[in-house]
Amino acid sequence: MLPPDNHVHTEWSYDTSAEASMARSCEQALAIGMPGVAFTEHLEFTAGGEGDAIAGVATDARWWTRIKPLDVTGYLASVADCRERFPGLRILSGVETGESHLFAASAGAVVHGHHFDRVLGSLHAVPYKGRLVAADALFGNMPDDDVMSYYFAELLQLIERSDLFEVLAHLDFPRRYWPKGAHLYREEDFEEEYRTVLSALAGTGRVLEVNTKSPLASVDLIRWWRDVGGTAVSFGSDAHLPQRVGDRFKLAVDVVEAAGFRAGRYPYDFWRV
Ligand SMILES: [Zn+2]
Ligand SMILES: [Zn+2]
């Protein structure tokens with residue numbers, strides 16, 4: 001049996017198209033034999049609120065004009081509706097918090113004000129020259145390798161300064177946009193940076209996501225996670241369309257198994273060493 005997909009976006013995320021649908025994503029999960037699915041909608045902010053560190057590091061917190069606030073009430077009602085319609089599927093609620101070390105108060109108010117089953121932590125944007133900019137926008141402004149080092153340094157800040165999330169999503173996000181071609185990105189060139197951030201994550205007992213929208217992590221990378229004390233892995237397709245739910249999970253399972261992680265007692269558990 002496939003592991004549950006712990007990272008799915010629906011019509012409640014601001015960056016999805018008209019075909020996005022929570023109900024159809026549930027149908028897809030059932031069709032491919034998944035035990036569960038977590039709807040982790042984007043939780044992003046266009047401005048810092050009181051108590052957010054962003055004010056001290058960037059004058060412009062908005063890194064993408066499309067960002068819209070999450071309608072938590074509407075989203076949770078949709079989750080409740082799908083739980084009724086699809087009793088055979090374990091449906092988890094959740095959010096993907098962006099840059100939660102910079103928006104600790106704003107994101108914390110939402111996360112602590114509701115019950116979410118899955119809280120993912122992400123770094124899509126980084127402070128650069130007084131603004132928050134999309135991480136991939138750094139390519140061209142500095143050598144490609146330096147972009148990754150810059151990103152990993154900020155990722156370490158996210159891990160060390162925010163305890164709002166349980167699962168670290170797509171830990172090497174800019175690799176998706178590697179200028180020479182994503183397939184030419186070499187994890188081994190950044191082993192030291194990976195080990196540093198993974199070690200910090202493991203030290204807080206949190207979970208590493210294997211993201212199947214990004215180029216797939218290698219067995220070596222998941223072994224580094226294990227080496228530094230990482231004990232749990234989550235699988236996430238980062239689907240923004242129903243047909244992407246569970247995308248490439250068989251491959252991801254092979255990689256994670258080869259690195260020594262196994263399914264838990266229940267099919268919807270994180271995989272552990
Ligand atoms: Zn993301
Ligand atoms: Zn996502």
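What comes next concerns the included structure. In this text the structure is predicted, and so the values were computed from the model without any measurement. (Residues numbered from 1 in each chain as written. Chains lettered and ligands numbered in written order. Predicted model: local features only at pLDDT ≥ 70, side-chain atom pairs only at ≥ 80, totals over all residues. Heavy atoms only, no water.)

We now examine the coordination of the zinc ion (ligand 1). Ligation of the zinc ion (ligand 1) by protein atoms is provided by E96 (OE), H124 (NE2) and H170 (NE2), these donors lying 2.0 to 2.1 Å from the ion. In terms of primary sequence, the donors binding the zinc ion (ligand 1) are separated according to E-x27-H-x45-H. A gap of 3.3 Å separates the zinc ion (ligand 1) and the zinc ion (ligand 2), which E96 links by coordinating each metal. Placement of the pair is H124 in the loop between β4 (118-122) and β5 (125-128) and H170 in the loop between β7 (167-168) and α6 (191-203), with a sequence separation of 46 residues. When its relative accessible area of 5% is taken as the criterion, H124 is described as buried. (Donors = N, O, S within 2.8 Å, 3.2 Å for Na, K, Ca; no water. Helix = DSSP H or I, 4+ residues; strand = E, 2+ residues; numbered from the N terminus. Buried < 20%, exposed > 50% of the residue type's maximum accessible area, 1.4 Å probe, protein only.)

What follows deals with the pattern of salt bridges. Following the criterion strictly, the structure yields twelve salt bridges and no others. As a salt-bridge pair, R175 and E187 come within 3.0 Å of each other at their nearest N and O atoms. Linking R175 in the loop between β7 and α6 with E187 in the loop between β7 and α6, this pair joins segments that are twelve residues apart in sequence. Of the two residues, R175 and E187, neither departs from the other in class, the shared state being buried. The shortest N-O distance in the salt bridge between R186 and E188 comes to 3.5 Å. Given the relative accessible area of 46%, E188 is considered partly exposed. (Salt bridge = Lys/Arg side-chain N within 4 Å of Asp/Glu carboxyl O.)

Turning our attention to the pairing of strand β9 (residues 232-236). With respect to burial, β9 is a largely interior element, five of its five residues being buried. Residues of β9 alternate between two faces, with A232, S234 and G236 on one and V233 and F235 on the opposite face, all of them buried. You can see the chain leave strand β8 (residues 207-211), run along helix α7 (residues 219-227) and come back into β9, and the turn it takes is right-handed. Pairing geometry for β9 and strand β10 (residues 271-272), over two bridges, is antiparallel. Bridge pairing links A232 to R272 in β10. (Right-handed = clockwise from strand over helix to strand, strands pointing away. Pairing = 2+ DSSP bridges.)

Only H7 (NE2), H9 (NE2), E96 (OE) and D238 (OD) from the protein coordinate the zinc ion (ligand 2), and they sit 2.0 to 2.2 Å from it. For the zinc ion (ligand 2), the four donor atoms are set out with angles of 81 to 174° between them, so the coordination reads as irregular. Counting gaps between the donor residues of the zinc ion (ligand 2) yields the pattern H-x1-H-x86-E-x141-D. (Tetrahedral: all angles 85-135°; square planar, octahedral: opposite > 155°, others 65-115°.)

The next point concerns the nonpolar core. Counting 86 residues, the largest nonpolar core has I91, F152, L155, Y194 and I222 as the members making the most contacts within it. Grouped together as the second largest cluster of nonpolar side chains are six residues, L120, V167, V207 and A232 included. (Core = buried A, V, L, I, M, F, W, Y, C linked by side-chain atoms within 4.5 Å.)

Quick look at α7 now. It helps to recall that an α-helix has 3.6 residues per turn; residues three or four apart then point in one direction. Considered for burial, the residues of α7 that qualify are L221, I222, W224 and W225. Seen from one end, α7 has its buried residues packed into an arc of 150°, which puts them on one side. Positive backbone phi, approximately 105°, marks G229, located one or two places after α7. (Arc of directions from axis to C-beta.)

What follows deals with the side chain of S122. Within the secondary structure, S122 is located in strand β4. For S122, a relative accessible area of 0% translates into the label buried. Of the polar contacts made by the side chain of S122, one reaches the side chain of E96; its length is 2.5 Å. (Polar contact = N/O pair within 3.5 Å; in protein donor to acceptor, adjacent residues only side chain to side chain.)

Attention now goes to the environment of I54. Checked against the element boundaries, I54 lands in helix α2 (residues 54-57). A residue is classified by how much of its surface remains accessible, and I54, at 2% relative accessible area, is buried. Each C-alpha atom of the pair I54 and E99 lies 9.2 Å from the other, and the pair is 45 residues apart in sequence. In contact with I54, not counting residues within four places along its chain, are G48, A61, L102, F103 and L132. (Contact = heavy atoms within 4.5 Å.)

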